[in-house]
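Summary of the model geometry
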Amino acid sequence: MTEHLTGQPPGHAGPGPSPAGPDPYDNRRQVLYWRLLARLFDGEEQPALESASLGVVEDIGLPSALLDPGTSLDSVVQRHPELADEFDGLMTPDDDVAGSRDRAAEVRRAALVSKVLLNVFATGSSTVTAERLARWQSDAGWLERALGGPPGGLRGGRAAGAGLDAGGLGPELAAIEADLVGRMRLREVLADPALAARLTPSMSLIEQLLRDKGNLSGVALANAKSLIRRYVDEVAEVLRTQVEKATVGELDRSVPPKRVFRNLDLDRTIWKNLTNWSPEEERLYVDRLYYRHTVRRTTPQRLIVVVDQSGSMVDSMVNCTVLASIFAGLPKVDVHLIAYDTRSIDLTPWVHDPFDVLLRTNLGGGNDGPVAMAMARPKIAEPKNTVMVWISDFYEFDRSQPLFEGIEAVHRSGVKFIPVGSVTSSGRQEVNPWFRERFKALGTPVVSGHVNKLVHELKTFLT
C-alpha cells in the first residue's frame, strides 16, 4: 500500500517522486479527498479508500481517529492537544508566494480538513439524541474556527456580527442544525433534566421550543424556559457590546461652553492669539480663552419596532426583541414593540425583558400589516424624533396597497422609516419585490437582513 501511495519503487530512498512516477503528495491528497466525497454521499465505507487513507494518515504521523466520523473533534483535540492550533484558521487562504508550497504540509492539511468537513456534513438520517446534537454543534464550532471565525460566527445568534461570511455557508449550517433538531424527540429530552442539560441553545432549537411551548408543562416547560433564557442572554451580550459603541449624542453648540479649566481648548486658544506673539519678549499675550463644548443634545427619541411573527420569522423575533430591550435601556430612548400576524399585540410593557416577550409571541399563521400599522401610528408623537423599524418579508397579497399607503404617510410626516427584510445573523432575506421597488422609490431602501446593519442604522438616528 505504501508503495502505491508514494509512487516509489521498493528501496527508493529519496523523499520525492521518481522522475517518471506520479507525485506522491498529490496521490495522498487525492486518496483523502476521494474518501471524504465517498463518505459524504454514501454512508457505506469503501474498503479500498478506507485502508488507503489509514495508510496515509499513519505515514504522516496523525492519529487514526481522524478517520472515524463517530469521534468528535473535541475528543481528537483532548487526546492530541498539539492539533488544536492546527485547526484554527485551517481553511483560510494561504499567504504563501508562488513556488513556496510545502507539499507534505498540504497532505497533513487535507487530512485535518477532511475530518472537519465529514463530522459537520455527514449527519445521517436516524433519530438524533441530545448528545449527538451537542457533539455536532461543537464540531460546527471547529469548522467556524477553521474558517477564521469564532464558534457560532456562521450559525448566528451568540456570535452575530462576527464578520464571518465564508461564501454564504451560514444558512447551510443553520439548515443542517434545524434538521438535527427536527429529528430529535425534543419533548422526551426536555422531560429528562440530565438530557436537557446536554443541549446547547441555538436558533433552530429556540424556534422548536417557541413553537411547541404550548404543549410543554412541568419539568419539560421549565427546561425549555431555561434554554430560551440562556440563548437570549447570550444574544444580548453580543448585541449590547455593539450598541454600547455608539456615541452619546451630538454636541449642542447652542449652549455656551462651561468656562472651567478642564474645558479649556489650549490648541485653539494659542492658534487664535498668535497675532499677539511678541518676538522681542518671546511671549504670547492672550486676549481671549476658548473652551470646548461638552453639552450634548438629549432630545427624547422614540423607537417603534414592528415585527412580523408569521411564518419562519423566529430569528427576527429573537434578535429584534433583544435589540429593542437594549435600546430601551439607553437614556432618552422611548421604545415601543409590536408583533403581528393576522392580529397585532402591543408588547411594550414587557420590552425590557426579551425572554418574557418571546414567551408571549405566537409564531406562525398569516399576516395583516394594516392591522399592525393601525396600532403603531398612534404611538407617533413627534415625527421628526421618531424612528419606525418594520421587520417583515412584506408578502401582504391583497393588503399590499393599504399597507404601503400607511407606510408612505408615516414617512412623509417626518418619521424615519426603516424597512428590514428580516433580522438574521446570516443576512439571508427574502422581500416581496413589489414592496422593494416602492421602498427604493420612496427613498427608504430595504436594509440588509444582517442584524449589524440594523444596529448601525439605529445608532445613527438615536445617538
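Residues numbered from 1 in each chain as written. Predicted model: local features only at pLDDT ≥ 70, side-chain atom pairs only at ≥ 80, totals over all residues. Heavy atoms only, no water.

Quick look at the packing of aromatic side chains
Counted only if it meets this: Two rings from Phe, Tyr or Trp (for Trp, the six-membered ring) form a pair when their centres are within 6.5 Å of each other. A pair whose planes differ by under 30 degrees is stacked, one over 60 is edge-to-face, and the rest are tilted. Put simply, a charge is over a ring when the Lys NZ or the Arg CZ is close to the ring centre, within 6 Å, and near the line of the ring normal, within 35 degrees.
Scanning all chains against the criterion turns up 11 aromatic pairs. Seen in terms of ring centroids, Tyr395 and Phe397 are 6.4 Å apart; in terms of plane orientation they differ by 40 degrees. Their pairing is tilted. Aromatic rings pair up to connect Phe394, Phe404, Phe417, Trp434, Phe435 and Phe439 into one cluster. Across from the ring centre of Trp142, 4.1 Å away, lies the NZ or CZ of Arg145, which sits over that ring.

Some thoughts on helix 7 (residues 130–146)
Definition in use: Here a helix means four or more residues in a row that DSSP labels H or I, a strand means two or more in a row labelled E, and each is numbered from the N terminus. Each helix should span, by expectation, one fewer than its residue count multiplied by 1.5 Å. Whether a residue is buried, partly exposed or exposed follows from its accessible area with a 1.4 Å probe, protein chains only, as a fraction of its type maximum: under 20%, in between, or over 50%, in that order. Any two residues whose heavy atoms approach within 4.5 Å are treated as being in contact.
Helix length check: helix 7 (17 residues) gives 25 Å between terminal C-alpha atoms against 24 Å at 1.5 Å per residue, within 8%. Of all 17 residues that make up helix 7, 12 are buried, and the element is covered over most of its length. For helix 7, every residue scored as buried is listed here: Ala130, Arg132, Leu133, Trp136, Gln137, Asp139, Ala140, Gly141, Trp142, Leu143, Glu144 and Ala146. Contacts from the buried residues of helix 7 go to helix 4 (73–79), helix 5 (84–87), helix 6 (103–121), helix 8 (169–182), helix 9 (186–191) and helix 10 (193–196). Positive backbone phi, at 95 degrees, marks Gly148, one or two positions downstream of helix 7.

Here's the deal with the side chain of Ser278
Along the polypeptide, Ser278 turns up in strand 1 (residues 277–278). The class for Ser278 is buried, based on a relative accessible area of 10%.

Description of the environment of Arg187
Structurally, Arg187 can be placed in helix 9. Of the residues examined, Arg187 reaches a relative accessible area of 47% and is grouped as partly exposed. Once residues within four sequence positions are removed from consideration, Arg187 is found in contact with Asp212, Asn215 and Leu216.

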